[in-house]
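Descriptive structure summary
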Amino acid sequence: MSNYHIKHFEEYFQVYRKSVRNPEVFWEEIAEEHFLWRKKWDNVLSWDFKKPEIKWFEGAQLNITENCIDRHLHTRGDKTAILFEPNNPEEPTEHITYRQLHERVCKFANVLKSKGIKKGDRVCIYLPMIPELAISVLACARIGAVHSVVFAGFSATALSTRINDCDAKMVLTSDGSYRGAKTIDLKGIVDEALEDCPGVESVLVAKRINSEINMKAGRDEWLQPLLDEAYSDCVIEIMDTEDPLFILYTSGSTGMPKGMLHTTAGYMVYTAYTFKNVFQYRENDVYWCTADIGWITGHSYIVYGPLANGATTVMFEGVPSYPDFGRFWDIVDKHKVTQFYTAPTAIRALAKQGSELVEKYDLSSLKVLGSVGEPINEEAWHWYNENVGKKKSPIVDTWWQTETGGIMITPIPFSTPTKPTYATLPFIGIQPALMDENGKEIKGNQVDGRLCIKFPWPSMARTIWGNHQRYKDTYFSAFEDMYFTGDGALRDEVGFYRITGRVDDVIIVSGHNLGTAPIEDAINEHQAVAESAIVGFPHDVKGNALYGYVTLKDTGEGRDHDNVRKEINQLITDRIGPIAKLDKIQFTTGLPKTRSGKIMRRILRKIASNDAENLGDISTLLNPEVVQDIKDNVL
Ligand code: WT7
């Protein structure tokens, strides 16, 4: 019997036990019964966390778009696959049926082919949340091209770094994008980025805002005329299970972002299976995840997971505050959304507006609420539960990462009891472990430690593009034979997990994963800056905000400090994007360092968080005297 849809708590335990006692038998059954394969596997799993090398369903062949689109055509051809809700509520909603999606993906795939894109080529997608984004992702997958979506809020420098890192031949973009009342000149950003990207041969441009843009002859072309000419059927490329599906960049503790590589079969099986269970998805539900497809949440739970289940997935172009803070609830009401998946930072921003705007709309269609991206604080959890869910829709606090491909720790709604701020229990097949600083596993309950995963799961990233050593060093070297997540967690008296936050140099701001190193690199480019250090401090909407300690080359006297602050934030905006801007910048005479020269961020973090009372022993510092100065001038 299939365990594809878990409906109660007892069943969760039964299926979980089965999945960890005999993972291969378990995943084979799921894969066999619920997907379309062109050839079956020889071996379900082979793995070695030392190398590290992980292979799922080796020997099998498939195409993920056949699973996400073609196989639904007989039964769901006229069902809405993608429900596109534009930025401007006056503009009509677009319902793209599975049949139309098939045609549009095929046409797009044929355009890519006509421009010389072949299996294995990398295509960079820098598009706003318009249908072309989802369609181009699927078009790449259909012909075996590897998509690398770059969130369209990243700067030209961030874009060019990502294009060059994976040697993308082509960039897909639009003339511009809408963001609330503003428009953004995306094509201008692409033009600037491409000055540093000699490998890019072509740029295809979708028309969205009808702006005047520059088209470089021989390189740039409008997309629509090419689509109009394209043939509306495109045979799938038959892929091996471990063929690359996509690259998605995430921040790391050095300046270079990490291009996480996800492969085909395991990713498909796991995202589809988690989608079905974590959202208790049923036919005719209208599912909405508010993330951007530029992040892993959008890849797995706007595009692949929902479509593999034949679901209707909402794609929203706009922002929660436009035309007013009732927009999310307006959309839920208008489309009778059944599952709503968003980030704590959005919940906090909306909660700040009070409950009147929520009450204006009929939210009775909602069955399940989700949260992702950062720990959800108790207050936000209750607000969400009471005002949005009316205490009848369970909240799934889903913990996972770009690297994990799919949801790892989460309640299963109507099965697992929820507990505010707890992601609760591991999903089927996931074997978490808490480790102490000496590398030993901490058993039992009411303990905390560093969160690791002991056993492979189908959707884990297989490598960092072009840098397998870094993959090994980052995830498989801290603890022997374990995948290390970078997060800390605690396990309560009944075994529920609560994620306590990052234990490395990554800071989560508004649900965005930011590495300290690339931001410090950007600051240090300022000609007056000698050194800098970034830490996070609590912020009521963003969760964390960034606090920068900056030492200037000269004494800084006679300088307009506010001007330097502006210039620093401009540099960060240029190099990374506005999401990485600093809320506070303190000029210091020095930074506290260990004798080996490492900046003591722990101290800086405490000072920035107004928790400077117990800094612990600072006498071992190279320069303890700077600490008092920093404390005296804290912002
Ligand atoms: C980091 C991964 C997974 C999609 C979005 C973020 C934090 C994520 C939760 C949660 C507490 C969470 C972790 C994780 N995080 N979800 N439910 N509770 N923390 O993907 O950008 O790769 O970031 O986000 O710190 O390691 P990402």
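Residues numbered from 1 in each chain as written. Predicted model: local features only at pLDDT ≥ 70, side-chain atom pairs only at ≥ 80, totals over all residues. Heavy atoms only, no water.

**A word on the domain arrangement of the protein**
By the assigned domains, the protein splits into domain 1 (9-319 + 399-489) and domain 2 (506-633). The C-alpha centroid of domain 2 is placed 33 Å from the C-alpha centroid of domain 1. Together domain 1 and domain 2 conceal approximately 900 Å² of surface at their shared face, both sides included; 53% is due to carbon and sulfur atoms. Where domain 1 packs against domain 2, one counts zero salt bridges. Counting every contact that joins domain 1 to domain 2 gives six residue pairs in polar contact (both at pLDDT 80 or more). (Domains from an automatic or database assignment. Buried area = accessible area lost by both parts, 1.4 Å probe. Salt bridge = Lys/Arg side-chain N within 4 Å of Asp/Glu carboxyl O. Polar contact = N/O pair within 3.5 Å; in protein donor to acceptor, adjacent residues only side chain to side chain.)

**Description of the pairing of strand 25 (residues 497-502)**
Relative to strand 25, strand 24 (residues 483-491) runs antiparallel, the two sharing five bridges. Among the inter-strand pairings, Asp487 is bridged to a residue of strand 25, identified as Arg502. Here strand 24 folds back onto strand 25 in antiparallel fashion, the turn holding five residues, of which Gly495 has a positive phi close to 95 degrees. (Pairing = 2+ DSSP bridges. Helix = DSSP H or I, 4+ residues; strand = E, 2+ residues; numbered from the N terminus.)

**As for the side chain of Lys187**
With respect to the helices and strands, Lys187 occurs in helix 8 (residues 186-194). In terms of polar contacts, Lys187 uses its side chain to reach the side chain of Asp191, at 2.7 Å. In contact with Lys187, other than residues within four places in its own chain, are Thr173, Ser174, Asp175, Val203, Val205, Ile213, Asn214, Met215, Arg219 and Asp220. (Contact = heavy atoms within 4.5 Å.)

**Quick notes on the state of the cysteines**
Summed over all chains, the structure comprises zero disulfides. Cys106 provides the cysteine sulfur closest to Cys68, a residue in no disulfide bond, and the two sulfurs are 13 Å apart. Lacking any disulfide linkage, Cys166 is separated from the closest cysteine sulfur, that of Cys124, by 6.6 Å. (Disulfide = S-S within 2.5 Å.)

**A look at the UniProt feature "domain: Acetyl-coenzyme A synthetase N-terminal" (unreviewed entry) in the protein**
UniProt records the feature "domain: Acetyl-coenzyme A synthetase N-terminal" (unreviewed entry) at residues 12-68, using the numbering of this structure. Between the C-alpha atoms that bound residues 12-68 there is a distance of 26 Å. The span itself is 47% helix and 25% strand. (UniProt positions renumbered as here; feature names shortened; annotations may be inferred.)

**A word on a negative patch on the surface**
Together, Glu192, Glu195, Asp196 and Asp574 line one region of the surface with negative charge. Mapped onto the elements, Glu195 comes out in the loop between helix 8 and strand 11 (202-206). (Patch = residues over 30% accessible without salt bridge, like charges linked within 9 Å, V, L, I, M, F, W, Y side chains within 5 Å. Areas by Shrake-Rupley, 256 points an atom, 1.4 Å probe, with all protein chains shown as cover. Lys, Arg positive; Asp, Glu negative; His and termini not counted. Charge placed at Lys NZ, Arg CZ, Asp CG, Glu CD.)

**Comments concerning the site of the ligand**
The immediate surroundings of the ligand are formed by 18 residues, with Asp397, Thr398, Thr402, Asp487 and Arg502 found nearest. Within the side chain of Asp487, an N or O atom sits 2.5 Å from an oxygen atom of the ligand. When contributions to the shell around the ligand are tallied by element, the ones reaching two or more residues are helix 11 (296-308), strand 20 (395-398) and strand 25. Its residues assigned to classes, the shell around the ligand shows seven nonpolar, six polar and five charged. (Near = heavy atom within 4 Å. Nonpolar A, V, L, I, M, F, W, Y, C, P; charged D, E, K, R; others polar.)

**Quick word on the environment of Gly558**
Structurally, Gly558 is set in the loop between strand 29 (543-552) and helix 18 (561-575). A relative accessible area of 85% places Gly558 in the exposed class. (Buried < 20%, exposed > 50% of the residue type's maximum accessible area, 1.4 Å probe, protein only.)

**Observations regarding the pattern of salt bridges**
Going through the model one piece at a time under the given rule, you end up with 39 salt bridges. As a salt-bridge pair, Asp243 and Lys119 come within 3.0 Å of each other at their nearest N and O atoms. Here Lys119 lies in the loop between helix 5 (98-114) and strand 6 (122-126) and Asp243 lies in the loop between strand 13 (239-240) and strand 14 (244-250), a separation of 124 residues in the sequence. The class for Asp243 is buried, based on a relative accessible area of 15%. Note that Lys443 and Glu441 form a salt bridge whose closest N and O atoms lie 3.9 Å from each other. For Glu441, a relative accessible area of 25% corresponds to the partly exposed category.

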